[in-house]
Amino acid sequence: MVVLGPSSPPRWPSYRAPVRLEDFDYTLPPEAIAQRPVEPRDAARMLVHAVSSGSDAQHRTVRDLDEFLRDGDLLVVNDTRVRPARVLARRPSGGRVELLFLEALGDGVWRALVRPGKKQRPGARLEVATGVGVELIERELAPDGTPAATWRVRWRSEADGDSEPGARDEALLEAHGEVPLPPYIQRAADAADRERYQTVYARESGSVAAPTAGLHLTPELLDRLAARGVERASVTLHVGLGTFAPVQEEDPRDHPMHAEVYHLPEATAEAVVRTRARGGRVVCVGTTSARVLESCAVEGGLVEAGAGETRLFLHPGRGPRVLDGLLTNFHLPRTTLLMLVASFIGTETTLRLYSEALREGYRFFSYGDAMLLLRERAEP
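Residues numbered from 1 in each chain as written. Predicted model: local features only at pLDDT ≥ 70, side-chain atom pairs only at ≥ 80, totals over all residues. Heavy atoms only, no water.

Visitor: Give a detailed account of the sheet that holds strand S13 (residues 260-264), specifying residues and quantitative values.
Guide: Spatial ordering of the open sheet is given by S2-S1-S19-S18-S14-S3-S12-S13-S17, a layout of nine strands whose pairing is mixed. Since the sheet does not close on itself, it has two edges, and those belong to strand S2 (58-61) and strand S17 (306-310), each with one partner. Between one strand and the next, the sheet's axes are offset by a mean angle of 25°, whatever the strand orientation. Here two bridges tie strand S12 (residues 231-237) to S13, and the two strands are oriented antiparallel to one another. Residue pairing in the sheet places Thr236 in a bridge with His263 of S13. Sitting on the sheet, helix H4 (residues 266-277) touches strand S3 (74-78), S12, S13 and strand S14 (282-285), and the angle it makes with S12 is about 140°. Strands in contact with helix H5 (residues 287-295) are S3, S12, S13, S14, S17 and strand S18 (325-329); relative to S12, the strand with the most contacts, it is inclined by about 85°. (Pairing = 2+ DSSP bridges. Helix = DSSP H or I, 4+ residues; strand = E, 2+ residues; numbered from the N terminus. Axes fitted to C-alpha atoms, helices over the stretch in contact; angles between N-to-C directions. Contact = heavy atoms within 4.5 Å.)

The following block contains the structure:
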């Protein structure tokens, strides 16, 4: 087991120290998986760990976040918006079909997960509502040439008019789609999830899962942080299904990392420059915000503005270069999200804090509680 020294951020060393998949496993009782969020948002519990201090963890709530951030710090949030991407339809024979719209491919064509997929045929039209359907164009192939679970599909509506496909499709999703709650939430999405499975600053539509650490933040808490002198900046990373995928390789660094679309604005790059100049800390809300910053990292703990796809995989031995703090939820075993946390504070510390959280009755995963991992001062 490799435990990273947390006193300074690693600089992506070239050696391959031993890392084993089993090092990122833990036992989670089913009752610890949150099925509904707490209200209000910032009433969620927050385990606070001071990186490099060796002090005991504190057990607080997210509404106390302003006590741990200070004048000059920068809070970076992911402003992606979750699409109501889960659509229920029926085959001409009456059989039920579930579609999960993953991404727009252009010209009105989408990549969608279709269940059940084996019974479907190219050219078939699935009925969503009266006058509204989805046409199955073709099934995609996996890299090994076998049929994939995804299809290329297109909305069909009798009321298409002259609207652009992109705007029309988003409107159809809003009208006929449901919030795509993760599979470990053992209930159907309801009307409350439309608002609750979304951050209060969500703006750019494109995710099939929420950047869940941000679900805890309220306008009132953000106002208090601003009054304290904490600057806020945004990035965009559209969360895909791959974020939940367990790692299968015995050496996790051999895992083929999923790609996610990101955008880091010039204004955010400039905010990082200002933060470094005044000795503040760069604190990310969620692993998605951290992935964007680290994908755009340059020397001196700074970032460059940019956009594209990232496959960055942070793990022990390849840790963050920009990050000084992280507000994050508790993640599934054997996932790249858990490994990202371990890249910041070390594998042993990560699992020790998870064990403590379980003993203290914390709630796990998307609608669960949070951890605040924070350096006491910015590294030079």
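The discussion continues.
Visitor: Give me H5: which residues, what numbers.
Guide: Burial analysis of H5 places eight of its nine residues in the buried class, the great majority of the element. Taken as a whole, H5 has its buried residues at Thr287, Thr288, Ser289, Ala290, Arg291, Val292, Leu293 and Glu294. (Buried < 20%, exposed > 50% of the residue type's maximum accessible area, 1.4 Å probe, protein only.)

Visitor: So what about the packing of aromatic side chains? Which residues, and what values?
Guide: Scanning the model with the defined rule gives 11 aromatic pairs in all. Judged by centre distance (6.2 Å) and plane angle (50°), the ring pair of Tyr26 and Phe364 falls under tilted. Taken together, the positions of Tyr26 in the segment before strand S1 (45-51) and Phe364 in the loop between helix H7 (347-359) and strand S19 (370-375) put the pair 338 residues apart, joining distant regions of the chain. Centroid distance Phe330 to Tyr354: 5.2 Å. Interplanar angle 75°. Geometry classified as edge-to-face. Remark: Tyr354 occurs in helix H7 and Phe330 occurs in the loop between S18 and helix H6 (336-345); sequence separation between them is 24 residues. Accessibility assignment for this pair places Phe330 and Tyr354 in one class, buried. Here the aromatic cluster, defined as three or more aromatic residues joined through ring pairs, consists of Tyr26, Tyr184, Phe330, Tyr354, Tyr362, Phe364 and Phe365. The positively charged end of Arg45 is found above the aromatic ring belonging to Tyr362, 4.0 Å away from the centroid. (Phe/Tyr/Trp six-rings, centres within 6.5 Å; stacked < 30°, edge-to-face > 60°. Lys NZ or Arg CZ within 6 Å of the ring centre and 35° of its normal.)

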